[in-house]
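Coordinate inspection notes
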Amino acid sequence: MTRYNFEASEAKWQAAWEKAGAFAAEADPSRPKYYVLEMFPYPSGRIHMGHVRNYTLGDVVARYKRAQGFNVLHPMGWDAFGLPAENAARDQKVHPAHWTYDNIATMRAELKRMGLSLDWTRELATCHPGYYAHQQKLFLDFMRAGLVYRKEAFVNWDPVDQTVLANEQVIDGRGWRSGALVEKKKLAQWFLKITAYSDELLDALKALSRWPEKVRLMQENWIGRSSGAEIRFRLKGRDDRLQVFTTRPDTIFGATFCAISPDHPLADELAERDPTLAAFIAECRHAGTSEAALEAQEKRGHETQLKALHPFIAGKELPVYVANFVLIEYGAGAIFGCPGHDQRDLDFARKYGLPVIPVVAPPGADPERFAIDDLAYTEDGTIINSGFLDGLEVEAAKAEVGRRLAAADLGRPATVYRLRDWLVSRQRYWGCPIPAIHCQRCGIVPVPEEDLPVRLPDDVSFDKPGNPLDHHPTWKNVECPTCRGKARRETDTFDTFVDSAWYFARFCSPRADIPVDRQAVDYWLPVDQYIGGVEHAILHLLYSRFFTRAMRKTGHVGLDEPFAGMFTQGMVIHESYKDAAGNWLYPEEVHKTGEGSAVHVETGQAVDVGRREVMSKSKKNVVAPARIIDAYGADTARLFMLSDSPPERDLEWTEAGVEGAWRYLNRLYRLVAEPKTKLPPPGAPKPNALSPAGEAAWRLTHKTIAAVSEHLENFRFNVAVAQIRALTNALEDVPGDGPGEGWVLRQGFETAIKLIGPMTPHLAEELWRAIGRTTLLAREPWPKAEAALLVDEQITIAVQVNGKLRGTVSLPRDCPENDAREAALAVPNVAAAMAGKTPRKVIVVANRIINVVV
RNA sequence: GCCCGCUUGGCGGAACAGGUAGACGCAACGGACUUAAAAUCCGUUGGAGCCAAAAGCUCCGUCCCGGUUCGACUCCGGGAGCGGGCACCA
């Protein structure tokens, strides 16, 4: 029994592709381009199954589009800056650069074994000065364009590690590493002005028709546009105003208090003369920000001496509270409270004994008797108890209040966003240095472009907590480029999301001495198909969309949207295993004895088979891609990845499924490389006569071309695989010795090879050669389906009686309705089901179905 | 709390301008080959029933209830379960 020798074949064809330069892309305006990109990996050490799935999907698209005649760009690189390298440096005493480049070398070799049709000549790593120099240039350009600023912001500060933490690194109010209570601290930080594009980023989502609806919605929610009004309350005995934002200006007559954030400047000012308020504010800042902490936390307030004056009721004074639930980041950092129509305001009012005035009555309610009990009324209705607004509906009242506020110079209609400017500074070493200099005399001075790149120093120490760049003895001491006086280099580095916000553009001209070559990006961008995990649905994609706009504003590119098509793949999941002692076990430590039962390979003791969940190192339910490729080859891994589950859903990795893919490859190999009949030579003319079996197989071949093409276009790779398998099943059943059957088999085999080429490229090349072809399959065009063969002359049509299937009839295509009706009524079982009754109606849908109604 | 998605055999999933539900595979079972095993090949496989058996046929069946229709996995209304995103958002 012949076994397909994947070891020899895969190495051979990878070498052949490389030698031929089969996947190196070159801009060619005379040809249509297609840019396929998968999210580039972080070089953590080894590739995992998520990578295998991601890059297999992308490679299918790349190879398919190449076969269709597109000039395909399919590059690969490394998202190489980031915290794990610093952790490794501290724990293992290796330099972050060495650790990173070692990992890249390992992972590159692993990716190469997958046989991906990548243009490796364009490889880039974001930690290389040849990349980050250009990022610094872009930053300076953005600065000139007014898209960069530095301001004091509240950040998560870990007092033990002496560093700022990202929100995700704060767990239940404590630093993830130190365990110290995280403080909110005001620090000067760099920001990119993404909010300048809030409306654009939101409105342009509608036109991204080849993005998943889900991702567009997530971005929409993230930007979070809501419209209402800003109101500037006069303050009793003061000249300044208190600005609040509300989405319900129509309820202004129901206002009974105002509340400001503990971080509001006014709160700071009042706290100076009020020690209990100062203590309250300090307490709020120490409180956790985790979801659980917020849930548990009471809504509390501290009443100040301030009184806000109602804009429309002369003499009405509203007490002003500092309240722990008011966020400084959102709206104006201050609110007016209308307890009747907002649940949180109601809870607060009940707690502090504040009045509750209903001002919106539900439709049909008696305005005189409508009262609020424990539930705020938040629906639409008719305005009551509200002076000039009485009788209006909610929407009309909102507009009227907007007009009146503007007329009285006490406010105006306003729109606010949840989206905040992008805080890009990090107090870390392994990142792109922010190219700025702090001078006592001149302030913040951009690094002159001729001094770029600002390189990271190599000699750093990770012994002390905090930022190694800050601890470096000399690196930060520089001369001010303007006044030549003593100055200090910026020691913050960029958030690594900055690195990934433009790499897709750099791939178009990866060795250019400017960030991007305009001709190259004009040809290649946008990315036609981007593929990656849904976990990046918001931040990475939003930042990239912003960066593209900023690059357009600064003349680097000529478009707004970087990714014309987006696809989010599902995760790879696997059963998890635990021994009796509760220790997690790797799949290779476990021997499955049946559905849901297993024993330990060595001890033979029973193992607890757990849920199917996302592969993770902590639960050990991981399978190393290298092990699978060693055992079965890359094509088997690729085919399994594509076979059973639709790519957007989670895929369960099973040994049995892999075996199935492996079995199929061998079956296909034997079928084509060792055919039971001698095939005519390549390109032999079609014989005049075909046996019925040959005719059917020939038609199926062309139907499969049409179906597989259609499925590949729509990312239904699992169905495409199924169709190819069905074709090979049918070809297996062709006897081969009938008239023309040898020719049909050659057609069928060559077609099957071409169709499966994008999925299992090594095997396909091997078979292409085995069947007598000498060209490189990777350069062969996609097969064409002949339209005439897609429709059958004789069609089997279902016959129903009263909607229930009672039989089938075989009819010529497009046969007259009367013939169809007669044939249907003549089916014995149909006649029986009619029980002698006369049909009231016979519905004939040409070539599809006949339904007899009695 | 707000927004969104999903629910089809033992399992992954096919089929949706409404038209033969279960393609393709996994698992399972039976058989062939073999001293045996592996590999491979052939067959069966939604449930219940009619029939000596087979061919064949009947009833039920796409989360639940209701509707539209000659005909509903598909469309509409209501509900349940599971999953995801955001969340003191004013």
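Use the structure listed above.
Predicted model, so just to flag it, every value in this text is computed and none were measured. (Residues numbered from 1 in each chain as written. Chains lettered and ligands numbered in written order. Predicted model: local features only at pLDDT ≥ 70, side-chain atom pairs only at ≥ 80, totals over all residues. Heavy atoms only, no water.)

All right, on to the overall build of chain A then. On a plain count of helices and strands, chain A comes out with 26 helices and 37 strands. Its C-alpha atoms give chain A principal-axis dimensions of about 105 × 85 × 65 Å. Burial analysis of chain A (854 residues in total) assigns 53% to the buried set. Looking at chain A alone, contacts between residues at least 24 apart form 71% of all its contacts between residues at least 6 apart. For chain A, the accessible area works out to roughly 38,100 Å², and carbon and sulfur atoms hold 51% of it. Computing the positive centroid from 104 side-chain charges and the negative centroid from 111, chain A places the two 2 Å apart. (Helix = DSSP H or I, 4+ residues; strand = E, 2+ residues; numbered from the N terminus. Buried < 20%, exposed > 50% of the residue type's maximum accessible area, 1.4 Å probe, protein only. Contact = heavy atoms within 4.5 Å. Areas by Shrake-Rupley, 256 points an atom, 1.4 Å probe, with all protein chains shown as cover. Lys, Arg positive; Asp, Glu negative; His and termini not counted. Charge placed at Lys NZ, Arg CZ, Asp CG, Glu CD.)

A separate point is the sheet that holds strand 2 (residues 71-73). The strand order across the open sheet formed by four strands is 2-1-26-27, and the pairing between neighbours is parallel. Strands with a single pairing partner mark the edges of an open sheet, and in this sheet they are strand 2 and strand 27 (566-569). The average angle at which neighbouring strand axes cross in this sheet is 20°, direction not considered. Examined bridge by bridge, strand 1 (residues 33-38) and strand 2 share three bridges and lie parallel to one another. The residue of strand 2 that forms the bridge with Tyr 35 is Leu 73. Each of strand 1, strand 2, strand 26 (529-533) and strand 27 is contacted by helix 2 (residues 49-67), which is oriented at about 175° to strand 1, the strand it contacts most. (Pairing = 2+ DSSP bridges. Axes fitted to C-alpha atoms, helices over the stretch in contact; angles between N-to-C directions.)

To continue, consider the side chain of Thr 728. Relative to the helices and strands, Thr 728 is located in helix 22 (residues 717-732). Thr 728 sits in the buried class, given a relative accessible area of 3%.

Read across the sheet, four strands follow the order 35-34-37-36 without closing on themselves; strand pairing throughout is mixed. The open sheet has two edge strands, strand 35 (804-812) and strand 36 (841-845), and neither has a second partner. Looking at each pair of strands side by side, their axes are set apart by 20° on average, direction ignored. With eight bridges connecting them, strand 34 (residues 794-801) and strand 35 associate as antiparallel partners. Bridging across to strand 35, Val 799 finds its partner in Gly 807. Running at roughly 130° to strand 35, helix 25 (residues 817-826) makes contact with strand 34, strand 35, strand 36 and strand 37 (849-853) of the sheet.

On to the environment of Tyr 35. Structurally, Tyr 35 is set in strand 1. Residue Tyr 35 is classed as buried on the basis of its relative accessible area of 0%. Sequence spacing of Tyr 35 and Arg 627 is 592 residues, and the spatial spacing of their C-alpha atoms is 31 Å. Residues in contact with Tyr 35, not counting those within four places in the same chain, are Leu 73, Pro 75, Phe 504, Phe 507, Cys 508, Trp 524, Leu 525, Pro 526, Val 527, Asp 528 and Gln 529. In terms of polar contacts, Tyr 35 uses its side chain to reach the backbone carbonyl oxygen of Phe 504, at 2.7 Å. (Polar contact = N/O pair within 3.5 Å; in protein donor to acceptor, adjacent residues only side chain to side chain.)

What follows concerns helix 23 (residues 741-756). Along an α-helix, residues three or four positions apart point the same way, because every turn accommodates 3.6 residues. Compared with the 22 Å implied by 1.5 Å per residue over 16 residues, the 22 Å span of helix 23 between its first and last C-alpha is a close match. Of all the 16 residues making up helix 23, 15 are buried; the element is thus mostly covered by neighbouring parts of the structure. (Expected span 1.5 Å × (residues − 1).)

All chains considered together, the criterion is met by 42 aromatic pairs. The interplanar angle of 45° and the centroid separation of 4.8 Å between the aromatic rings of Phe 348 and Tyr 352 together place this pair among those described as tilted. Of this pair, Phe 348 and Tyr 352 both sit in helix 11 (residues 343-352), four residues apart, which is roughly one turn of that helix. On the basis of relative accessible area, Phe 348 is assigned to the buried category, the value being 1%. Their ring planes at 65° and their centres at 5.5 Å tell us that Phe 497 and Tyr 543 sit as a pair that is edge-to-face. Here Phe 497, found in helix 14 (residues 496-499), pairs with Tyr 543, found in helix 17 (residues 539-553); they are 46 residues apart in sequence, far enough to count as distant. Pairwise contacts between aromatic rings join Phe 142, Tyr 197, Trp 422, Phe 497, Tyr 543, Phe 546 and Phe 547 into one cluster. (Phe/Tyr/Trp six-rings, centres within 6.5 Å; stacked < 30°, edge-to-face > 60°.)

Now for unusual backbone geometry. For the peptide bond that leads from Leu 452 to Pro 453, omega is -5°, which places it in the cis range. Relative to the helices and strands, Pro 453 resides in the loop between strand 22 (443-446) and helix 13 (468-471). Following Leu 525, the chain continues into Pro 526 via a peptide bond in cis, with omega recorded as 0°. Position of Pro 526 among the secondary structure elements: in the loop between helix 16 (518-524) and strand 26. The backbone of Asn 385 sits at a positive phi, close to 50°, despite the residue not being glycine. On the accessibility criterion, Asn 385 (45% relative accessible area) is partly exposed. Notably, Lys 620 is not glycine yet its phi reads approximately 60°, a positive angle. The residue Lys 620 is located in the loop between strand 32 (606-614) and helix 18 (625-632) in this model.

In this section: the nonpolar core. By size, the foremost hydrophobic cluster in this structure holds 169 residues, and its most contacted members are Tyr 35, Trp 422, Leu 525, Phe 547 and Trp 653. Membership of the second largest hydrophobic core comes to 43 residues, among which are Ala 308, Val 322, Leu 346 and Val 394. (Core = buried A, V, L, I, M, F, W, Y, C linked by side-chain atoms within 4.5 Å.)

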